[in-house]
Amino acid sequence: MTLLDLPDELLVVVASQLRFEDLVSLQQVCHRWHSVVGVNATLQYAIELRIAGKIDNPASCLVPGERLRALRAKEEAWRTIDLSDRRPLTLGHRPSGIYDLTGGILLLGERRHTGSHTGTDAVHTMDLHSVFSDSTVRPRWSNIDLAKQVIDVGLAIQEHDLIAIATYSYVNEAQLLASVDIHLFKHSTGQPHPAAAKSVLHFGNIRYLPSHCGVLLEITGDSLCFLLNNYFPFINADPVTFVVYNWKTGVPVVGQKRIYSDPTMFNSFVLLSSEMVALPIIPSNALEICQFTDELKNQPLASTSDKELTELDVPELKTVCILELPPLRALVLRMTCRCEPNPRGPSSTTTYVDTQTPFYSDPERAVMVLHMHLRLPTGITRVYTMIVHRSSLLKVVRTAMNRQASSRSATKSNSEDTSATLGKDSGADEGEPTPQVEEDNELRFTYDGPPRRHLRSSWLVGADPSNGGLPEEHEQPIKIPWLDWGPAVTRWFKDELSGTRWITTTCGQRLVRARPNGRLRVFDFNQLAIKRYAHGRSLSGCPIGTLPGETILAEDFCEFTQRMDVEEDQENEGNGDEESGEEDLSDWELEFHEAVQAPAGSMAPVADRQVNLVLGRTMVEDANAWEGRLESGLPYLEMSVPVPDEYESVLLDEDIILGLKMENDGRHIQEIALHRIGGCAD
């Protein structure tokens with residue numbers, strides 16, 4: 001009896017245990033396997049999930065066949081950018097600058113004082129999918145009012161139905177002394193989250209000046225990451241603080257403080273995994289990768305102390321790797337970053353069951369967007385944007401760490417063998433050289449700077465003031481130059497200031513942008529989906545580039561056509577020395593030396609859709625910003641279609657695009673239009 005003698009039902013069970021690559025190859029083994037895999041909805045769904053960059057929601061009430069149809073419909077709608085499913089979203093309040101978008105939930109802050117441009121008095125949330133419901137009941141905004149000023153929010157809807165709200169309230173307004181707290185709510189009820197032992201996490205009392213403090217909240221698994229960055233040390237002498245809480249127990253697990261003279265100051269971060277974070281470091285122009293795996297394993301079970309964070313013994317956040325960014329001539333003003341969705345913790349930590357959504361974007365394969373705001377020697381401001389997959393960063397870091405561990409293991413083993421040999425052979429000549437351990441040539445990137453001085457506070461466990469506050473066992477992180485990790489896995493674009501105002505423009509492996517010419521652009525960095533689309537077009541006899549409005553950049557080298565000398569510095573308006581004549585080009589438009597543009601083929605084009613496939617490397621020439629030519633080679637597919645309305649910006653969450661119209665002053669949202677891609681998935 002052979003394997004193929006088994007019934008199809010058992011063959012499906014066998015095939016379901018294979019990896020994606022093996023499952024695809026299995027279809028080419030013989031007609032029997034091709035038939036088994038090709039007609040089974042469960043196996044086809046697994047293949048489609050991987051190609052689309054999605055993960056399954058096992059709690060979904062849909063059967064595999066229904067999930068498969070929904071997924072294929074969504075992906076097809078993205079290929080045509082079908083914006084026909086449009087609904088207006090009514091605003092019942094005056095939005096502030098606080099906002100977030102994830103898991104189908106839009107959060108907007110409320111500013112009740114119309115004469116003020118700062119401050120958030122309450123927060124409102126809307127389930128975006130409810131807006132598309134056929135019910136006659138009008139969708140309503142949910143409201144949370146804490147009678148305190150809100151300074152940031154964090155959402156973990158699909159994993160915990162959790163909303164975290166950071167607030168401040170003055171305990172001594174004359175001295176600007178404020179209590180900073182984090183409130184934990186169950187989003188669906190608006191009540192304190194039942195999984196949290198403490199509904200309020202007290203960060204501490206600090207000197208606080210409104211609109212002069214940066215705060216960032218992100219949640220993954222049981223971890224809540226909180227960054228507080230005071231911009232004016234003469235008002236608040238406290239350093240930049242980053243702390244990871246277990247939000248269920250209320251215990252700070254790991255933390256880090258940095259003073260303003262520290263060359264590693266940061267004001268943003270991205271979670272790479274549930275135990276690893278990337279910090280864009282401004283003065284050193286690098287991504288610092290920190291890990292807190294051991295601290296999560298050894299964290300206290302609960303906290304009974306009422307001490308403030310600064311009075312507690314909190315382990316230091318460990319830096320394991322430094323990824324250098326391209327060398328600069330310009331001054332970095334700020335870096336902002338985001339990678340949506342956030343990674344999830346172990347399934348055992350989940351406190352919410354979502355039965356409606358059949359699949360989600362895979363967090364590990366999501367793209368990180370990094371906006372770098374530069375001040376050029378000429379005095380103008382310029383923005384560059386880098387795109388990189390979270391999985392690429394994780395692979396680089398883990399490979400470097402594994403090589404370092406192997407090198408240390410080999411060194412230790414050789415040293416022990418040498419010591420044993422020398423101990424046995426006491427008659428060796430004194431002048432005989434000691435055997436040297438051959439280093440791993442692949443692991444040549446080590447931190448060669450001065451000892452790092454991250455923390456200068458009593459809340460670092462094992463701190464030794466004579467050693468700059470670092471434990472004796474502190475290991476120096478691996479340092480990897482830009483050219484050794486970056487060009488092949490990133491894509492850089494010259495951006496514009498207005499395009500980086502909203503950070504929630506990516507979800508999964510897509511990025512969206514609106515242009516003043518009335519077109520919506522969708523950038524897809526999903527490598528498997530790009531290959532499938534290009535291959536399908538070729539098989540249809542109408543390859544990309546054969547229809548009007550389509551271009552393709554093959555593997556040939558090319559350059560950006562830069563027209564930066566006529567760009568207006570929008571941040572310097574009113575100074576009298578800015579350059580005039582803002583370029584009227586698309587912020588990411590390329591002109592190629594080897595662009596392929598062929599006459600229209602037999603395939604009927606989608607009305608007024610433009611397609612741009614970039615497979616080759618590009619180089620940015622900007623001597624005022626970079627020390628050399630900026631090379632990047634991450635392939636992407638760009639599609640654009642006209643939109644019925646003139647949007648100031650667009651946001652993205654899974655399958656919904658939000659078009660924003662602003663008031664005349666450009667500070668407040670006036671209207672929001674929702675475009676659902678691919679219809680209802682549940």
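Look a little higher up for the structure.
Keep in mind the model is a prediction, meaning the values are calculated, not measured.

A.B. asks: For this particular structure, what's the right way to read the overall build of the protein?
C.D. replies: Within the protein, the regular secondary structure consists of 10 helices and 36 strands. When the 682 residues of the protein are sorted by exposure, 53% land in the buried category. Once local pairs closer than 6 in sequence are excluded, the contacts in the protein between residues at least 24 apart make up 67%. Carbon together with sulfur atoms contributes 50% to the accessible area of the protein, which is approximately 30,600 Å² in total.

A.B. asks: For this particular structure, what's the right way to read helix H3 (residues 31-39)?
C.D. replies: Think of an α-helix as 3.6 residues a turn; residues three or four steps apart then line up on the same face. Buried residues of H3: Trp-33, Val-36 and Val-37, and no others. Looking down the long axis of H3, one finds its buried residues gathered within 90° of arc, a one-sided arrangement. More than 90 degrees from the buried face of H3, the exposed residues found are His-31 and Val-39. In this structure, the buried residues of H3 make contact with helix H1 (8-15), helix H2 (20-26) and helix H4 (41-52).

A.B. asks: Teacher, can you tell me more about the packing of H4 against helix H10 (residues 527-539) here?
C.D. replies: Helix-helix packing: each pair is described by the crossing angle between the helix axes and the interaxial distance. Running from N to C, H4 and H10 point in directions that differ by 105°, and their axes come no closer than 6 Å. Of the possible angle classes, the one that applies to H4 and H10 is roughly perpendicular. Taking contact as the criterion, the partners of Glu-48, Arg-50 and Ile-51 in H4 are, on H10, Leu-528, Ala-529 and Arg-532. Considered class by class, the residues forming the contact of H4 with H10 number 3 nonpolar, no polar and 3 charged.

A.B. asks: Can you walk me through the sheet that holds strand S28 (residues 519-524) in this structure?
C.D. replies: Each strand in a sheet pairs with its neighbour through backbone hydrogen bonds, running either in the same direction (parallel) or in the opposite one (antiparallel). Pairing in this open sheet of 6 strands is mixed, and the strands run S26-S27-S28-S33-S30-S29 from one edge to the other. The sheet terminates laterally at strand S26 (506-507) and strand S29 (550-553), the two strands that pair on one side only. Pairing of S29 with strand S30 (residues 610-614), which is carried by 4 bridges, proceeds in the parallel orientation. The residue of S30 that forms the bridge with Leu-553 is Val-614. Against the sheet, helix H5 (residues 64-80) makes contact with strand S27 (510-514), S28 and strand S33 (636-642), and its axis sits at roughly 70° relative to S33, the strand it touches most. Here H10 sits on the sheet and contacts S28, S29, S30 and S33; the angle it forms with S33, its principal contact strand, is near 70°.

A.B. asks: Got a minute to help me understand the packing of aromatic side chains in this structure?
C.D. replies: Think of a pair of aromatic rings as described by two things: how far the centres are apart, and how the planes are tilted against each other in angle. This model, assessed by the stated rule, comprises 14 aromatic pairs. Judged by centre distance (5.0 Å) and plane angle (80°), the ring pair of Phe-242 and Phe-269 falls under edge-to-face. With a gap of 27 residues between them, Phe-242 in strand S14 (residues 240-246) and Phe-269 in the loop between strand S15 (251-258) and strand S16 (270-273) connect regions that are remote in the sequence. Just as Phe-242 is buried, Phe-269 falls in that class too. For the ring pair Trp-482 and Trp-485, a centre distance of 5.3 Å and an interplane angle of 85° mean the geometry is edge-to-face. Exposure class is identical for Trp-482 and Trp-485. Each is buried. One aromatic cluster in this structure is built from Tyr-384, Trp-482, Trp-485, Trp-492 and Trp-626. One residue, Arg-50, lies across the ring of Phe-20, its end atom 5.4 Å from the ring centre.

A.B. asks: Just to check I follow, could you spell out the nonpolar core for this structure?
C.D. replies: By size, the foremost hydrophobic cluster in this structure holds 41 residues, and its most contacted members are Ile-289, Leu-323, Leu-374 and Trp-626. Among the elements that make up this core, the one with the highest residue count is helix H9 (residues 390-424) (5 residues). Once residues lying within four places of it in the same chain are set aside, the contact partners of Trp-626 are Pro-326, Pro-327, Leu-328, Arg-329, Met-372, Leu-374, Tyr-384, Trp-492 and Val-620. Residues Leu-108, Ile-387, Phe-525 and Val-614 belong to the second largest nonpolar core, which totals 32 residues.

A.B. asks: Quick question: what am I supposed to make of unusual backbone geometry here?
C.D. replies: Among all residues except glycine, the phi angle is most often negative; among peptide bonds, the trans geometry is most common. The omega torsion across Glu-340 and Pro-341 is 5°, close enough to zero to call that bond cis. Looking at where Pro-341 falls in the secondary structure, it is placed in the loop between strand S20 (331-338) and strand S21 (359-361). Positive phi, close to 55°, is recorded for Asp-161, a residue that is not glycine. You can see Asp-161 is positioned in the loop between helix H7 (157-160) and strand S8 (162-172).

A.B. asks: How should I be thinking about the sheet that holds strand S34 (residues 649-653) in this particular structure?
C.D. replies: Sheet architecture is open: 4 strands sit in the order S2-S36-S35-S34, paired in antiparallel fashion. A strand with exactly one partner marks an edge of an open sheet, and here the two such strands are strand S2 (86-89) and S34. Within the sheet, the average angular offset between the axes of one strand and its neighbour, ignoring direction, is 25°. Pairing between S2 and strand S36 (residues 669-676): 4 bridges, direction antiparallel. Across the sheet, the residue bridging to Leu-89 is Ile-672, located in S36.

A.B. asks: What exactly am I supposed to notice about H1 here?
C.D. replies: The set of residues buried in H1 consists of Leu-11, Val-12 and Ala-15. For H1, the buried positions fall inside an angular range of 105° around the axis, keeping them on one side. Close packing links the buried residues of H1 with H2, H3 and H4.

A.B. asks: For this particular structure, what's the right way to read the environment of Glu-646?
C.D. replies: Inspection of the secondary structure puts Glu-646 in the loop between S33 and S34. Through-space distance from the C-alpha of Glu-646 to that of Leu-660 is 8.7 Å; in sequence the pair is 14 residues apart.

A.B. asks: Please clarify how the pattern of salt bridges should be interpreted in this entry.
C.D. replies: Side-chain pairing between opposite charges can occur once the charged atoms of the two side chains come close. Scanning all chains against the criterion turns up 32 salt bridges. Here Glu-295 makes a salt bridge to Lys-318, at a shortest N to O gap of 3.8 Å. With Glu-295 in helix H8 (residues 293-297) and Lys-318 in strand S19 (residues 318-324), this pair connects stretches of sequence that are 23 residues apart. Given a relative accessible area of 36%, Lys-318 falls into the partly exposed group.

A.B. asks: Would you explain the environment of Pro-192 in this entry?
C.D. replies: Take Pro-192: it is sitting in strand S10 (residues 191-192). Sequence separation of Pro-192 and Leu-162 is 30 residues, and the distance between their C-alpha atoms is 9.4 Å. Aside from chain neighbours lying at most four places away, what touches Pro-192 is Leu-184, Phe-185, Lys-186 and Ser-199.

A.B. asks: I would appreciate a short explanation of the side chain of Thr-506 in the present structure.
C.D. replies: Mapped onto the elements, Thr-506 comes out in strand S26. Since its relative accessible area comes to 1%, Thr-506 is described here as buried.

What counts, and at which threshold
- Residues numbered from 1 in each chain as written.
- Predicted model: local features only at pLDDT ≥ 70, side-chain atom pairs only at ≥ 80, totals over all residues.
- Heavy atoms only, no water.
- Helix = DSSP H or I, 4+ residues; strand = E, 2+ residues; numbered from the N terminus.
- Buried < 20%, exposed > 50% of the residue type's maximum accessible area, 1.4 Å probe, protein only.
- Contact = heavy atoms within 4.5 Å.
- Areas by Shrake-Rupley, 256 points an atom, 1.4 Å probe, with all protein chains shown as cover.
- Arc of directions from axis to C-beta.
- Axes fitted to C-alpha atoms, helices over the stretch in contact; angles between N-to-C directions.
- Parallel < 35°, antiparallel > 145°, perpendicular 65-115°, else oblique.
- Nonpolar A, V, L, I, M, F, W, Y, C, P; charged D, E, K, R; others polar.
- Pairing = 2+ DSSP bridges.
- Phe/Tyr/Trp six-rings, centres within 6.5 Å; stacked < 30°, edge-to-face > 60°.
- Lys NZ or Arg CZ within 6 Å of the ring centre and 35° of its normal.
- Core = buried A, V, L, I, M, F, W, Y, C linked by side-chain atoms within 4.5 Å.
- Salt bridge = Lys/Arg side-chain N within 4 Å of Asp/Glu carboxyl O.

Purely spatial values, then, with no claim about function.
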